[in-house]
Amino acid sequence: MEEDLVGEALSPVAALRRIAFLLERGREDTYKVKAFRAAAAAILPLSDDDIRRRSDEGTLTELSGVGASTAKVIAEAARGEVPQRLRDTEQAHGGSLTSDGAGDGLRSRIRGDLHSHSDWSDGGSPIEEMAFTAIELGHDYLVLTDHSPRLTIANGLSVARLERQLGVVDAVNDHLAGHGFTLLKGIEVDILDDGSLDQTDEMLDKLELRVASVHSKLKMEKEQMTRRMVTAVSTTRMNVLGHCTGRLVTGNRGTRPGSQFDARKVFEACAEHQVAVEINSRPERRDPPTKLLELARDIGCLFSIDSDAHAPGQLDFLVLGCERAEAAGIEEERIVNTWPRDRLLAWANR
């Protein structure tokens, strides 16, 4: 795959987008990614002739958002060459994310991703960029799950903002009609202290899928946290229990121990109410931990393998969750995002 991509000439916009995707996939600094996405946005309105003319004249850097390094990529691509920066980035970040292709078999049968964020909350890219990348990765569907109001640090969406976002999702789907892909309306909603959800029932009913997660008071006493989670699983419209322990095991945010709760009680409630336990694929989370993942397996839970992507390149993290699911021996039939869209939606809105 890597050699084919390196040898393929791309348009300047596509070359810039590919570099940004690979930098995100490789967890490089955000400022580097933004530089390539900004340059792609700057030249997107230009014709091929205008790009070539500016390249020949050396005036690409006069465009807002285009710097010296991105101008070089544009110029090389405009000449029909594979930019050297693209070659280097493919070499560094274009290979398999797992050893010996672990998880690839299950990944090929995953139809979509149930947990993703856009720049409407704390993601780094517009909704349409997330959708375009999901299509390029072969997804049949992607659920947009920006945060709920209480998570102000992540610019959570009020009812009014979420209503506006649903209109944007409709517009994106109209634009992408015929691609065999659907952007689904969702939310990552906070589980509040009493187990209720941080959004109105009326608004939740308008959505197609609901991921619910604990983001606050992660050090809550074990019995209280158990009651909080079981109440949410048992009494609300949630479909997926997101990153259940909230732990962080690596990354630039540092590490954080997982919340303490009676996992058997929580997972038994998930199994009873057909709430899927998320296998969060982000490298810094690996949530749930292996022992809890195996416990949920043994109890009979459904699962959702999700990227929790906050940028397009992170959508490719799914294989990391697939690797863990394969290692735990979780049957494909119990992984809800191996299901066709109609079956998924029937389960989520039963």
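Now for a quick tour of the structure. (Residues numbered from 1 in each chain as written. Predicted model: local features only at pLDDT ≥ 70, side-chain atom pairs only at ≥ 80, totals over all residues. Heavy atoms only, no water.)

1. Some details on the packing of aromatic side chains
Within this structure, the stated rule accounts for one aromatic pair. In this structure, R343 packs its charged tip against the face of W339, placed 3.9 Å from the ring centre. (Phe/Tyr/Trp six-rings, centres within 6.5 Å; stacked < 30°, edge-to-face > 60°. Lys NZ or Arg CZ within 6 Å of the ring centre and 35° of its normal.)

2. Brief notes about the pattern of salt bridges
Enumeration over the complete set of coordinates arrives at 28 salt bridges. When the shortest N-O distance is used, the salt bridge between R150 and D193 registers 3.6 Å. One end of the pair, R150, is in the loop between β2 (141-144) and α9 (159-175); the other, D193, is in the loop between β3 (182-190) and α10 (201-205), with 43 residues separating them in the sequence. Under the relative-accessibility criterion, D193 is labelled partly exposed at 25%. The partner of R285 in a salt bridge is D308, with the nearest N and O atoms 3.6 Å apart. Residue R285 is found in the loop between β6 (276-280) and α13 (290-299), and its partner D308 is found in the loop between β7 (303-306) and α14 (318-327); the two are separated by 23 residues along the sequence. Residue R285 is classed as buried on the basis of its relative accessible area of 6%. For D308, a relative accessible area of 2% translates into the label buried. Each of the salt bridges in this network shares a partner with another, and the network as a whole consists of R17, E24, R37, E129 and E136. (Salt bridge = Lys/Arg side-chain N within 4 Å of Asp/Glu carboxyl O. Helix = DSSP H or I, 4+ residues; strand = E, 2+ residues; numbered from the N terminus. Buried < 20%, exposed > 50% of the residue type's maximum accessible area, 1.4 Å probe, protein only.)

3. Digging into the sheet that holds strand β4 (residues 209-213)
What the seven strands build is an open sheet, ordered β1-β2-β3-β4-β5-β6-β7; its pairing is parallel. Two strands bound the open sheet, and with one partner strand each, they are β1 (112-113) and β7. With two bridges joining them, β4 and strand β5 (residues 240-241) adopt parallel strand pairing. In the sheet register, A212 faces β5, and the bridge partner there is L241. Sheet strands in contact with α14 are β1, β6 and β7, and its direction is about 145° off that of β7. (Pairing = 2+ DSSP bridges. Contact = heavy atoms within 4.5 Å. Axes fitted to C-alpha atoms, helices over the stretch in contact; angles between N-to-C directions.)

4. Digging into the pairing of β4
Across a regular strand the side chains alternate sides, sitting on one face of the sheet and then on the other. Burial analysis of β4 places five of its five residues in the buried class, which makes it a mostly covered element. Along β4, one buried face is formed by L209, V211 and S213 and the opposite face, lined by R210 and A212, is buried too. Where β3 lies against β4, five bridges are found, and the strand directions are parallel. Of the residues in β4, the one forming a bridge with V189 is A212. In this fold, the crossover linking β4 to β5 by way of helix α11 (residues 222-235) has right-handed handedness. (Right-handed = clockwise from strand over helix to strand, strands pointing away.)

5. With respect to the nonpolar core
In terms of nonpolar packing, the biggest core is built from 58 residues, with L241, F267, F303 and I305 touching the most fellow members. Looking at this core, the element that brings in the most residues is helix α12 (residues 263-273), giving five residues. (Core = buried A, V, L, I, M, F, W, Y, C linked by side-chain atoms within 4.5 Å.)

6. Comments concerning α14
Burial runs high along α14: seven of the 10 residues are buried. Looking only at α14, the buried set comprises L318, V319, L320, G321, C322, R324 and A325. As for α14, its buried residues are in contact with α7 (104-107), β1, β6, α13 and β7. Following α14 by one or two positions, G329 adopts a phi angle in the positive range, close to 70°.

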